[in-house]
Amino acid sequence: MTDTAPLLSLQNITRNFGAIEALRGVSFEMNRGEVVALLGDNGAGKSTLVKIIAGGLEATSGKVMFEGKECNFTSPAEAKAAGIETVYQDLSLCTNVDVVANFFMGREIVKRYFGIPILQEAEMYAATEKAISNAGTKIPSLRVNVEHLSGGQRQAIELNRFVHWGGKLVLLDEPFAALGVEQTRRGLEMIKRIAAQGIGVVIITHIMAQAFQVADRIVVIRQGKVAGDVARDKTSPDEIVRMITGEAFQGKAQEARPNGP
Ligand SMILES: Nc1ncnc2c1ncn2[C@@H]1O[C@H](COP(=O)(O)OP(=O)(O)O)[C@@H](O)[C@H]1O
Ligand SMILES: [Mg+2]
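*Asks:* An account of the sheet that holds strand S10 (residues 200–204) is requested, with residue identities and associated values reported.
*Replies:* In spatial order, the strands read S6-S9-S10-S3-S11-S12; together these 6 strands make up an open sheet with mixed pairing. On the outer flanks of this sheet lie strand S6 (84–86) and strand S12 (225–231), each paired with one strand and no other. Each strand axis lies, on average, 15° off the axis of its neighbour in the sheet, ignoring direction. Along the sheet face, helix H8 (residues 237–245) touches strand S3 (35–39), strand S11 (217–222) and S12 and points at about 25° away from the line of S11.

Dropping the structure here:
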């Protein structure tokens, strides 16, 4: 409702798949410009949580508040309209058209001359070029079909497009899994740059070093609950490992699952 409300607030989110309780009451908040790394073992519930935030899955119970308003999204399109999007490596790009066409996909600039719609190619090209260069991303040519670009370049196009069209919260689920060292380094830099523009970032990664490099806060999910929520500067990889494995249940952590994982 107000600018002082957190960008995102999750309140007691649960999600069941049949008898499986994938999420058992997850709560956390984040602000604009904040990078939150979600860590946790396989099956902890990270992807389920991110899908609920992005409208790809509905919560069984609990509230998702975005900019102070309750909004339990029922589709990714609804979340996207509110400014929340999951950025994949390339799944949402059309590989058989160029960078400009991808940037303006579904938002093409068309002007009518004597009633005939004409695509404003030059205007779209200039806007794409500006957005990409402002972001510090280098793409050899905006006229090349996306199929010829690397995974890192595709990710950069997706992220820049998201920022350009007013995105507010971006979700990244293991974004660098298929990228090399140099592309990953650039990806991490890009995340910092977009956060510096006031965008919230949630990144799932199982690589501890990436979490420490990019995140302001680390939230650990264990067996569907928050097992730790700490500022990056106030913790250490050892402590995070203990939270992930459940050796150091402390603070908000809850009792171990009665019937094991
Ligand atoms: N569509 C689904 N149907 C049934 N079970 C699911 C489904 N998605 C996730 N799960 C289960 O929910 C739990 C959490 O999964 P997930 O969120 O993918 O964990 P993570 O991303 O942390 O590895 C796991 O036990 C997983 O098997
Ligand atoms: Mg996952």
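*Asks:* Residues and numbers for the site of ligand 1, please.
*Replies:* Taken together, the neighbourhood of ligand 1 is formed by Phe17, Ala22, Asp41, Asn42, Gly43, Ala44, Gly45, Lys46, Ser47 and Thr48. Contact between ligand 1 and Ala44: an oxygen atom at 3.2 Å from a main-chain N or O atom of the residue. Surface burial for ligand 1 is 60%, taken as the share of its 560 Å² of free accessible area covered by protein chains. Ranked by residue count, the leading element in the shell around ligand 1 is helix H1 (residues 46–53), at 3 residues.

*Asks:* Could you give an account of the packing of helix H5 (residues 151–164) against helix H6 (residues 181–196), with specific residues and numbers?
*Replies:* Running from N to C, H5 and H6 point in directions that differ by 10°, and their axes come no closer than 10 Å. The angle between the axes of H5 and H6 places the two elements in the roughly parallel class. In contact with Gly151, Gly152, Gln155, Ala156, Leu159 and Val163 of H5, H6 contributes Gln183, Met190 and Ile194. Residues belonging to the contact of H5 with H6 are distributed by class as follows: 5 nonpolar, 4 polar and no charged.

*Asks:* Which residues make up the pattern of salt bridges, and what values do they have?
*Replies:* Summed over the entire model, instances satisfying the criterion amount to 12 salt bridges. Glu67 is paired through a salt bridge with Arg32; the nearest N and O atoms lie 3.5 Å apart. With a gap of 35 residues between them, Glu67 in the loop between strand S4 (61–66) and strand S5 (69–70) and Arg32 in the loop between strand S2 (20–30) and S3 connect regions that are remote in the sequence. Its relative accessible area of 18% is what places Glu67 among the buried residues. We note a salt bridge from Glu121 to Arg143, for which the minimum N-O separation is 3.3 Å. On the criterion of sequence distance, the pair formed by Glu121 in helix H4 (residues 121–134) and Arg143 in the loop between H4 and H5 is long-range, its members being 22 residues apart. A cluster of three or more residues bridged by salt bridges with shared partners is formed by Arg32, Glu67 and Lys168.

*Asks:* Help me get a handle on H8, residues and values and all.
*Replies:* Residues Glu239, Ile240, Met243 and Ile244 constitute the buried set of H8. Buried positions in H8, seen along its axis, are confined to an arc of 140° and lie on one side of it. On its buried face, H8 sits against S3, helix H7 (208–214), S11 and S12. Downstream of H8 by one or two residues, Gly246 has phi in the positive range, about 85°.

*Asks:* Pulling in residues and values, what's your account of the domain arrangement of the protein?
*Replies:* Looking at the protein, the domain boundaries give domain 1 (1–83 + 167–261) and domain 2 (90–166). Computed from C-alpha atoms alone, the centre-to-centre distance between domain 1 and domain 2 is 29 Å. At the junction of the two partners, domain 1 supplies 15 residues and domain 2 supplies 13 residues. For the domain 1 and domain 2 pair, buried surface summed over both sides reaches about 1100 Å², with 64% attributable to carbon and sulfur atoms. Put simply, domain 1 and domain 2 have 0 salt bridges between them. Inspection of the region where domain 1 meets domain 2 yields 4 residue pairs in polar contact (both at pLDDT 80 or more). Sorting the residues of the side of domain 1 that touches domain 2 by element identifies strand S9 (169–173) and H6 as the ones contributing at least two each. At 4 residues, H6 tops the list of elements feeding residues into the side of domain 1 that touches domain 2. Of the residues contributing to the side of domain 1 that touches domain 2, the split by class is 9 nonpolar, 4 polar and 2 charged.

*Asks:* Explain the confidence of the model for the protein to me, using residue names and the numbers behind them.
*Replies:* Overall, the prediction assigns the protein a mean pLDDT of 90, with 92% of residues at 70 or greater. Note on residues 250–261: pLDDT is under 50 here. Beyond four places in sequence and across chains, it has 16 contacts.

*Asks:* Mind laying out the packing of aromatic side chains, listing which residues take part and the relevant values?
*Replies:* Here the structure, examined in full by the defined rule, presents 2 aromatic pairs. With a centroid separation of 6.5 Å and an interplanar angle of 50°, the aromatic rings of Phe103 and Phe104 are classed as tilted. Judged by relative accessible area, Phe103 falls into the buried class, the value being 0%. Between Phe104 and Trp165, the ring centres sit 5.4 Å apart and the planes meet at 85°, which makes this aromatic pair edge-to-face. Remark: Trp165 occurs in the loop between H5 and S9 and Phe104 occurs in the loop between helix H3 (99–103) and strand S7 (110–113); sequence separation between them is 61 residues. The rings of Phe103, Phe104 and Trp165 are connected pair by pair, giving a single aromatic cluster.

Thresholds, definitions, all that
- Residues numbered from 1 in each chain as written.
- Chains lettered and ligands numbered in written order.
- Predicted model: local features only at pLDDT ≥ 70, side-chain atom pairs only at ≥ 80, totals over all residues.
- Heavy atoms only, no water.
- Pairing = 2+ DSSP bridges.
- Helix = DSSP H or I, 4+ residues; strand = E, 2+ residues; numbered from the N terminus.
- Axes fitted to C-alpha atoms, helices over the stretch in contact; angles between N-to-C directions.
- Contact = heavy atoms within 4.5 Å.
- Near = heavy atom within 4 Å.
- Polar contact = N/O pair within 3.5 Å; in protein donor to acceptor, adjacent residues only side chain to side chain.
- Areas by Shrake-Rupley, 256 points an atom, 1.4 Å probe, with all protein chains shown as cover.
- Parallel < 35°, antiparallel > 145°, perpendicular 65-115°, else oblique.
- Nonpolar A, V, L, I, M, F, W, Y, C, P; charged D, E, K, R; others polar.
- Salt bridge = Lys/Arg side-chain N within 4 Å of Asp/Glu carboxyl O.
- Buried < 20%, exposed > 50% of the residue type's maximum accessible area, 1.4 Å probe, protein only.
- Arc of directions from axis to C-beta.
- Domains from an automatic or database assignment.
- Buried area = accessible area lost by both parts, 1.4 Å probe.
- pLDDT = per-residue confidence, 0-100.
- Phe/Tyr/Trp six-rings, centres within 6.5 Å; stacked < 30°, edge-to-face > 60°.

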